[in-house]
Amino acid sequence: MNSIETVAVVGGGPAGIACAIWLKRLGLLPKIFERHHLGGQLHDITLPLQDVPGFYGADVSVLLADLVQQLHQMEIDVYEEHDVVAFDEAEKLLTCADGATYHAQAVVYAPGLRTRDLKVPGAQWVTSLSTSALLAQPLAGEVLIVGGGDRAFEAALRLSEAGKTVRLIHRRDHFRARPDFQQRVRDLGIPVHVNTIVEAITRTQGGVEVVLKGPRTTKRVKAAVVMVRIGMEPDIQPGLCSSVLSDVVPLWPSSRLRVIGDAVTPVPFRSIVTAFASGMVAAKEMVMNPPWRS
Ligand SMILES: Cc1cc2nc3c(=O)[nH]c(=O)nc-3n(C[C@H](O)[C@H](O)[C@H](O)COP(=O)(O)OP(=O)(O)OC[C@H]3O[C@@H](n4cnc5c(N)ncnc54)[C@H](O)[C@@H]3O)c2cc1C
């Protein structure tokens, strides 16, 4: 009797979770490896869902709880707090940051995105906390949020509506954020500095001091924390994928590793639904063209 092939799914966001569900349904043995905890960017969504069919107006925690429950019901193995750093295609061996190794016939890599860093002196003092984590903190002072897109505006709205003092800093005079977010920021009277860049950040007792260079003046502003939301980039780990992004979506069976989800989805199409769909496509294509039979 043939043994059931093990497929490692690296990344436990919507793409990885959906892929594991499909792989299991199609008769394979998926194992999910997640650096932190299942959910990925779902943990950053703070407003009710509007565009996930079946979850209109729901809190994202409802969707995440359903996904986790389904993995449990389908008896899919999940390895949380496992940061995968390499995959050896010849040895079919996955290696984690702590040195642990796992055997897998193939890897579906769904790493999602990481926040782009601010490249200025003192960037290490930018908070790594999510909006939800900041909401739970007592903050003595303002939250400076750098960015002009949905993530910056969503963070500003959520924090301001919860009673925190917020200020937005943006290097241009127009925003990528959704018009309704922009309107709500205006309605709440959140101060917005346009054509302004952060030049440096220093740590102070109980907070940070930020040097802001505006169109006419440069000034120092004290804040409790500075949060950076200037865009995202694919969170590709060189040990798993060394080639440039356009080369890393080979179809099975030419490679035993395939990248899915936000990491390889053009910006306008990144969403929970496309992440689910990419997981399904990778699983079905693997079953149609198994890399271990080539
Ligand atoms: C603030 C915000 C609001 C959003 N609102 C919506 C919305 O309303 N509707 C919508 O459809 N979409 C929304 N999105 C987008 C949606 O969340 C993403 O498109 C979706 O989560 C992408 O799924 P993914 O699985 O590709 O990546 P992610 O969700 O980023 O998951 C990737 C996972 O992989 C893990 N990982 C990465 N590298 C490794 C490694 N080497 N080893 C182990 N684990 C690893 C990460 O820890 C992460 O958990 C929003 C996103 C944000 C940030």
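Residues numbered from 1 in each chain as written. Predicted model: local features only at pLDDT ≥ 70, side-chain atom pairs only at ≥ 80, totals over all residues. Heavy atoms only, no water.

In the nomenclature of an unreviewed UniProt entry, the chain corresponds to FAD/NAD(P)-binding domain-containing protein from the organism Sulfobacillus thermotolerans.

Topic: the pattern of salt bridges
Test applied: The term salt bridge refers to a pairing of a side-chain nitrogen on Lys or Arg with a carboxyl oxygen on Asp or Glu at a separation within 4 Å. Only DSSP runs of H or I with at least four residues qualify as helices, and only runs of E with at least two residues qualify as strands; both kinds are numbered from the N terminus onward. Only protein chains enter the area calculation, which uses a 1.4 Å probe; residues under 20% of their type maximum are buried, those over 50% are exposed, and those in between are partly exposed.
Under the definition given, this model contains 13 salt bridges. Residue Asp44 is joined to Arg151 by a salt bridge in which the shortest nitrogen-to-oxygen separation is 3.8 Å. You can see Asp44 sitting in the loop between strand E2 (29-33) and helix H2 (60-73) and its partner Arg151 sitting in helix H4 (residues 150-161), a full 107 residues away along the chain. Between Asp180 and Arg178 there is a salt bridge whose closest N-O contact spans 3.0 Å. Owing to a relative accessible area of 37%, Asp180 belongs among the partly exposed residues under this scheme. Among the residues examined, Arg178 registers a relative accessible area of 36% and is labelled partly exposed.

Observations regarding the packing of H4 against helix H5 (residues 179-188)
Operational definition: Only the stretch in contact is used when fitting a helix axis, every axis being a line fitted to C-alpha atoms; angles between N-to-C directions are given from 0 to 180 degrees. Crossing handedness is read from the near helix: turned anticlockwise from the far helix by less than a right angle, it gives a left-handed crossing, and turned clockwise, a right-handed one. The contact criterion used throughout is that any non-hydrogen atoms of two residues lie within 4.5 Å. Polar here means any residue outside two lists: the nonpolar Ala, Val, Leu, Ile, Met, Phe, Trp, Tyr, Cys and Pro, and the charged Asp, Glu, Lys and Arg; Gly therefore counts as polar.
Contact pair H4 / H5: the axes reach a minimum separation of 10 Å and the direction vectors enclose 35°. Of the two possible hands of crossing, H4 and H5 adopt the one that is left-handed. Facing Asp150, Phe153, Glu154, Leu157, Ser160 and Glu161 of H4, the residues of H5 in contact are Phe181, Gln182, Arg184, Val185 and Leu188. In terms of residue class, the contact of H4 with H5 is made up of five nonpolar, two polar and four charged.

Details of the packing of aromatic side chains
Here the distance between the centres and the angle between the planes together describe a pair of aromatic rings. Keep this limit in mind: Pairing of aromatic rings covers Phe, Tyr and Trp, the last counted by its six-membered ring, and requires centre-to-centre distances within 6.5 Å; plane angles under 30 degrees mean stacked, over 60 mean edge-to-face, and any other angle means tilted.
Applying the stated rule across the entire model yields four aromatic pairs. Aromatic side chains Phe153 and Phe175 sit 5.1 Å apart centroid to centroid with 65° between the ring planes, which places their arrangement in the edge-to-face category. Separated by 22 residues along the polypeptide, Phe153 in helix H4 and Phe175 in the loop between strand E10 (166-169) and H5 bring together distant segments of the chain. Its relative accessible area of 24% is what places Phe175 among the partly exposed residues. An aromatic cluster of at least three residues, connected via ring pairs, comprises Phe33, Tyr79 and Tyr102.

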